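Fold and contact review
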There are 2 protein chains.
Amino acid sequence: MTNRSDTRRNLMDAALETLKSEGIKGTTARAIAATGDVNQALIFYHFGGVMDLLITAAVEDSRLRAERFRAHLEGVSELPELAEVARQLHEHDLEEGGVSAFTQLLAGTAGDPEMAKRLWDGFEPWIELVRSSLAGPLANTGFDKLLPVDDLAYSVVALFMGIELLDRLDPDRSPTEALFTTFTQLGGLLEGFLSPLRQQDA
Amino acid sequence: MTNRSDTRRNLMDAALETLKSEGIKGTTARAIAATGDVNQALIFYHFGGVMDLLITAAVEDSRLRAERFRAHLEGVSELPELAEVARQLHEHDLEEGGVSAFTQLLAGTAGDPEMAKRLWDGFEPWIELVRSSLAGPLANTGFDKLLPVDDLAYSVVALFMGIELLDRLDPDRSPTEALFTTFTQLGGLLEGFLSPLRQQDA
DNA sequence: GTCTATAACGAGATAGAC
DNA sequence: GTCTATCTCGTTATAGAC
């Protein structure tokens, strides 16, 4: 019944689940095995070590989520709408725990350049995703020449990371909801400013 | 020669140094003791436990750095200058490792609400600091009414956290220098827009 | 306050039967 | 591929001499 593929899948899921609930310090081989209800030794047989399993699982998960989210972003060409989609992503990810897992691994890979490199590879798609999302609203406004879209994309992703980080720490989660409302308003202001510029080239 | 105060100080310094170089997983009682060249048992005598020591040291350090930085920000009333100060803070902190230590502790306090609360207390001053720095340039522009300064401050701090996080992970640290140049340019653009508004009330 | 010594435990990892 | 059993090491933490 349980072929080799099932056990690998099971371990990867259990690894991320444990990472999100217990943190990097609590994510031991034994804890992962308990979560996935498999034998502890299989982690080393299939992945070679705990950290290898964690990175493998996190990178795959990150890529899949980025790909899945691409659909939501394509076709969005106005800034307030973009801010709204961003808010949904934030809320969804906050409960799903993607950024949280990422932060835990970021801490876990300290002093291990090879693991850090692998982690980065799983994260990069998000920057590319935001870059292509920003390209639309900025197209033909003149600002796409004036402000490097690459830098903006990097900043937006960094902003998201930071917000989710702080959101998890802040005892009274007050600011975040208001925050995205502000972003939407800000998007509206900018849109009113950019929109006429676009039409000059239409 | 070594009174009790010296040992506490020594341990707190050694704890942060170890945290920055070894990460949360490598920051054990023995490693800290070795860094500070003191006996391992003294950590438990003076602080009760490793995590207590780390939080105590990090919160004190964070508060002191925020206070020290306040002087650099006071008197800055134009956005490009603000961006420049921000760049300096980023560079300084990147090599000093304040945000890095914070991230490690963020990961370390996962699932421990009491420690998380203490960590947050050490972090809050930064948000307050940014809030008062933004208040100046936005004063009397009309935007201080339109856009909640609290949300902006929170966002700016989150952005910084995120940038430093990614900067440490990105294998080729390419974007960051360019990033702050972009911020300064952006500040210039906005300043040119806000400046005339301010003079209406002067 | 500081030291040595050690208890008590959990970690990663492996050998070898199945 | 999966299991049991175990080795070895490092961890927090404490007891007790100084």
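Below, the structure is looked at part by part. The structure presented is a predicted model; accordingly, all values stated were derived computationally and were not measured.

Let us now look at the packing of aromatic side chains. Note on aromatic pairs: each is described by the distance of the centres and the angle between the planes. Residues and elements named next belong to chain A. Enumeration according to the criterion identifies nine aromatic pairs over all chains in this entry. Ring geometry for Phe 102 against Phe 123: centres 4.6 Å apart, planes inclined by 25 degrees, an arrangement best described as stacked. Taken together, the residues span a long stretch of sequence, with Phe 102 in helix 6 (residues 98–108) and Phe 123 in helix 7 (residues 113–138) at a distance of 21 residues. According to the relative accessible area criterion, Phe 102 is buried, its value standing at 9%. Among the aromatic residues, ring-to-ring pairing joins Phe 102, Trp 120 and Phe 123 into one connected group.

Before going further, it helps to examine the interface of chain B and chain A. Listed per partner, the contact involves 45 residues of chain B and 45 residues of chain A. When chain B packs against chain A, close to 3900 Å² is buried across both sides, 78% of that on carbon and sulfur atoms. The three residues of chain B that bury the most area against chain A are Tyr 154, Leu 166 and Leu 169 of chain B, which together make up 19% of that side's buried surface. Along the contact surface separating chain B from chain A lie zero salt bridges. Those elements that place two or more of their residues in the side of chain B that touches chain A are helix 1 (4–26), helix 6 (98–108), helix 7 (113–138), helix 8 (143–146), helix 9 (149–169) and helix 10 (175–199) of chain B. Top contributing element to the side of chain B that touches chain A by residue count: helix 9 of chain B, with 13 residues. Considered class by class, the residues forming the side of chain B that touches chain A number 30 nonpolar, nine polar and six charged.

Turning our eyes to something else, we now look at the relation of the copies chain B and chain A. Overlaying chain B on chain A yields an RMSD of 0.1 Å, the required transformation being a rotation through 180 degrees with an accompanying axial translation of 0.0 Å. Here the copies are linked by what is in effect a two-fold axis. A share of 100% of the interface residues of chain B reappears at the interface of chain A, consistent with the copies meeting face to face through the same patch.

Right, let's talk about the packing of helix 4 (residues 50–73) of chain B against helix 7 of chain B for a bit. In a pair of packed helices, the angle between the axes and the distance between the axes together describe the arrangement. Residue and element names in this part refer to chain B. Packing of helix 4 against helix 7 leaves a shortest axis separation of 9 Å and a crossing angle of 5 degrees. Judged by the angle between their axes, helix 4 and helix 7 are roughly parallel. Taking contact as the criterion, the partners of Met 51, Asp 52, Ile 55, Thr 56, Val 59, Ser 62, Arg 63, Arg 65, Ala 66, Phe 69, Arg 70 and Leu 73 in helix 4 are, on helix 7, Met 115, Arg 118, Leu 119, Asp 121, Gly 122, Phe 123, Pro 125, Trp 126, Glu 128, Leu 129, Ser 132 and Ser 133.

Across soluble globular proteins, nonpolar side chains show a tendency to be buried alongside one another. Ranked by internal contacts, the top residues of the largest apolar core, which has 130 residues, are Phe 123 of chain A together with Phe 123 of chain B. Ignoring sequence-local partners within four residues, the contact set of Phe 123 of chain A consists of Ser 62, Phe 102, Val 157 and Met 161 of chain A together with Leu 166 of chain B.

Before going further, it helps to examine the pattern of salt bridges. A side chain of one charge can pair with a side chain of the opposite charge when the charged atoms of the two come close. Residues and elements named next belong to chain A. Throughout the structure, instances matching the rule amount to 30 salt bridges over all chains. The shortest N-O distance in the salt bridge between Arg 131 and Asp 150 comes to 3.2 Å. Taken together, the positions of Arg 131 in helix 7 and Asp 150 in helix 9 (residues 149–169) put the pair 19 residues apart, joining distant regions of the chain. We note a salt bridge from Arg 168 to Glu 164, for which the minimum N-O separation is 3.9 Å. Here Arg 168 and its partner Glu 164 are both found in helix 9, four residues apart, which amounts to about one turn of the helix. Classification of Arg 168 by relative accessible area gives partly exposed; the value is 32%.

A few words now on the side chain of Asp 151 of chain A. Of note, Asp 151 of chain A is situated in helix 9. Within the buried core, Asp 151 of chain A has no salt-bridge partner, and the shortest N-O distance to an opposite charge, that of Arg 131 of chain A, equals 7.7 Å. If sequence neighbours within four positions are ignored, Asp 151 of chain A has contacts with Pro 175, Ala 178, Leu 179 and Thr 182 of chain B.

Next up on the list: the side chain of Arg 198 of chain A. On the secondary structure map, Arg 198 of chain A appears in helix 10 (residues 175–199). Setting aside residues up to four positions removed in sequence, Arg 198 of chain A forms contacts with Ser 77, Pro 137, Leu 138, Ala 139, Asn 140, Thr 141 and Glu 191 of chain A.

Right, let's talk about helix 6 of chain A for a bit. Counting buried positions over the 11 residues of helix 6 of chain A gives 11, a clear majority of the element. Here helix 6 of chain A has its buried residues at Gly 98, Val 99, Ser 100, Ala 101, Phe 102, Thr 103, Gln 104, Leu 105, Leu 106, Ala 107 and Gly 108 of chain A.

So, about unusual backbone geometry. All names here are of chain A. The phi dihedral of Asp 37 is positive, around 55 degrees, even though this residue is not glycine. With respect to the helices and strands, the residue Asp 37 is situated in the loop between helix 2 (29–36) and helix 3 (41–47). Classification of Asp 37 as exposed rests on a relative accessible area of 70%. Residue Asn 140 is not a glycine yet carries a positive backbone phi of 60 degrees. Take Asn 140: it is sitting in the loop between helix 7 and helix 8 (143–146). Classification of Asn 140 by relative accessible area gives partly exposed; the value is 46%.

Residues and elements named next belong to chain B. With respect to the helices and strands, Leu 194 occurs in helix 10. For the pair formed by Leu 194 and Leu 94, sequence separation is 100 residues and the distance between their alpha carbons is 31 Å. When neighbours within four sequence positions are excluded, Leu 194 is seen to be in contact with Leu 79, Pro 137, Leu 138, Thr 141 and Phe 143.

All right, on to the environment of Leu 197 of chain B then. All names here are of chain B. Mapping Leu 197 onto the fold places it in helix 10. Residues Leu 197 and Phe 143, spaced 54 residues apart in sequence, show a C-alpha to C-alpha distance of 9.6 Å. Non-local contacts of Leu 197, meaning those with residues more than four positions away in its chain, are made with Asn 140, Thr 141 and Phe 143.

Rules used in this analysis
- Residues numbered from 1 in each chain as written.
- Chains lettered and ligands numbered in written order.
- Predicted model: local features only at pLDDT ≥ 70, side-chain atom pairs only at ≥ 80, totals over all residues.
- Heavy atoms only, no water.
- Phe/Tyr/Trp six-rings, centres within 6.5 Å; stacked < 30°, edge-to-face > 60°.
- Helix = DSSP H or I, 4+ residues; strand = E, 2+ residues; numbered from the N terminus.
- Buried < 20%, exposed > 50% of the residue type's maximum accessible area, 1.4 Å probe, protein only.
- Contact = heavy atoms within 4.5 Å.
- Buried area = accessible area lost by both parts, 1.4 Å probe.
- Salt bridge = Lys/Arg side-chain N within 4 Å of Asp/Glu carboxyl O.
- Nonpolar A, V, L, I, M, F, W, Y, C, P; charged D, E, K, R; others polar.
- Least-squares fit on C-alpha atoms with pLDDT ≥ 70 in both.
- Axes fitted to C-alpha atoms, helices over the stretch in contact; angles between N-to-C directions.
- Parallel < 35°, antiparallel > 145°, perpendicular 65-115°, else oblique.
- Core = buried A, V, L, I, M, F, W, Y, C linked by side-chain atoms within 4.5 Å.
- Lys, Arg positive; Asp, Glu negative; His and termini not counted.

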